[in-house]
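Summary of structural features
Now for the letters of each chain:
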Amino acid sequence: MQRRRFFFLAASAAAAALAAPTVFAQGGGKPTPLKFTLDFRINGQTAPFFLAHSKGYYRDEGLDVAIDTGAGSVASITRIASGVYQMGLGDISSLVEFNAQNPGTPMVQAVYQYYNRAPFVIIGRKDRGVTADFKSLAGKKVAAAAVESTRRAWPMVARKQGMRSDAFQWQTTDFSARDNVMVRGDVDAATYFHDSAISLFARMKAEELSVLKYADAGVNLYGNAILASSNLIAQNPRVVAAFLRATNRAIVETFANPAPSIAAMRQREPILDERMELERWGVTAQYVGAADTRGHGLGDIRKLTLEQQVDEVADVFGLKVKPSSDAIFNTSMLPSRNERMIPTKA
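Residues numbered from 1 in each chain as written. Predicted model: local features only at pLDDT ≥ 70, side-chain atom pairs only at ≥ 80, totals over all residues. Heavy atoms only, no water.

1. Some thoughts on the overall build of the protein
- Looking only at helices and strands, the protein has 17 helices and 10 strands in total.
- In terms of overall dimensions, the protein is globule-like: its C-alpha atoms have a radius of gyration of 20 Å, near the 20 Å expected for 346 residues.
- When its C-alpha atoms are laid out on the principal axes, the protein stretches across 60 × 50 × 35 Å.
- Split into buried and exposed, the 346 residues of the protein put 58% on the buried side.
- Across the protein, every contact between residues at least 6 apart in sequence was considered, and the portion connecting residues at least 24 apart equals 81%.
- For the protein, the exposed surface amounts to about 14500 Å²; the carbon and sulfur share of it is 50%.
- Of the side chains in the protein, 41 bear a positive and 33 a negative charge, and the two mean positions are spaced by 2 Å. (Helix = DSSP H or I, 4+ residues; strand = E, 2+ residues; numbered from the N terminus. Rg over C-alpha atoms; globule rule 2.2 N^0.38 Å. Buried < 20%, exposed > 50% of the residue type's maximum accessible area, 1.4 Å probe, protein only. Contact = heavy atoms within 4.5 Å. Areas by Shrake-Rupley, 256 points an atom, 1.4 Å probe, with all protein chains shown as cover. Lys, Arg positive; Asp, Glu negative; His and termini not counted. Charge placed at Lys NZ, Arg CZ, Asp CG, Glu CD.)

Below, the structure is given as structure tokens:
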């Protein structure tokens, strides 16, 4: 752990120039290059980013944005901390853990809350006795990847539900095999990001499955957020603000009409099915535009909710250091509240 901390501190200092472009081309000149890492594969969950790219919103803000696929939230955070990427998408709880393990001035901060509530769910087979009650999971076999946010957050649900954290048996399963073990009946249930389960819903009927949402259990966790290098924030906050304006514009448009965003996403990944990805965004939108956003708008947070999340993560993950909420989230570069309101449907 100590070796990793020293590596990141050294890498961050060495890559400061890369992490913070010093010229912001506004209204002319050469656009500022910016590398953005997704947390996972390209699909409907992140379609608004591709709308912003294809419609030239980033270019309009003086940015030349490259969007790359990711390998999980932890990988996104370490990519940004090392200076290889300037911005990216990653889980707030993972960022809390990273900052606790690398104390001092944060190397990475959240700057726009994408998932206003984490889309964590456990999906169970009704024919195995899994109902809408979390207690029905007792004694069952639940598939999950070795290290994933939904699995790691389970003890928080267990506390809220008055259950033991070891109430069921975990079966470690690769992400790519999770649908298969569910369909075959090798397990009774599996963890998912709710919107990632669209592939399962395509293979099993809705009436055969119970979807147990962590949010319904009273676990109020922020999910994936747009993250930025602290070097970039300090040296060129206008670049961060420009990226957020362009992305927010695309997110708002996607709420109004998701089809163009899905089309833009499919320009990058044409193999993806349009109908399935529209359905996926429909689920994603429930978490991006959760109830809180009706008050403070997209991208923002409630400080008390974040502080409670930091407390819970520190306790459940056994962190020796508890980062402050201000070290985790920097709201100073958000677009105006009016710009961040979800459009009202006619």
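2. Observations concerning the nonpolar core
- Within the largest apolar cluster, 107 residues are counted, with the highest numbers of intra-cluster contacts made by F36, M87, I226 and F243.
- Tallying contributions element by element places helix 12 (residues 237-256) first for this core, with 11 residues. (Core = buried A, V, L, I, M, F, W, Y, C linked by side-chain atoms within 4.5 Å.)

3. Examining the environment of P270
- Mapped onto the secondary structure, P270 falls in the loop between helix 13 (259-268) and helix 14 (274-288).
- For the pair formed by P270 and T293, sequence separation is 23 residues and the distance between their alpha carbons is 32 Å.

4. What about the environment of S73?
- Among the secondary structure elements, S73 is positioned in helix 5 (residues 73-81).
- With 260 residues separating them in the primary sequence, S73 and M333 have C-alpha atoms 22 Å apart.
- For S73, the contacting residues outside a window of four places in its chain are D39, G90, D91, S94 and N224.

5. Focus on the environment of S325
- The residue S325 is located in helix 17 (residues 325-328) in this model.
- Each C-alpha atom of the pair S325 and K303 lies 7.1 Å from the other, and the pair is 22 residues apart in sequence.
- Ignoring any residue separated from it by four or fewer positions in sequence, one finds S325 in contact with K303, L306 and E307.

6. So, the sheet that holds strand 4 (residues 108-113)
- The strand order across the open sheet formed by five strands is 2-1-3-10-4, and the pairing between neighbours is mixed. Where the open sheet ends on each side, the last strands, each with one partner, are strand 2 (63-68) and strand 4. Ignoring which end each strand starts from, the neighbouring axes of this sheet average 30° apart.
- With six bridges joining them, strand 1 (residues 32-37) and strand 2 adopt parallel strand pairing. Its bridge partner being in strand 2, P33 is matched across the sheet by D64.
- Packed on one face of the sheet, helix 3 (residues 47-54) meets strand 1, strand 2, strand 3 (87-91) and strand 10 (224-229) and runs near 145° to strand 2. (Pairing = 2+ DSSP bridges. Axes fitted to C-alpha atoms, helices over the stretch in contact; angles between N-to-C directions.)

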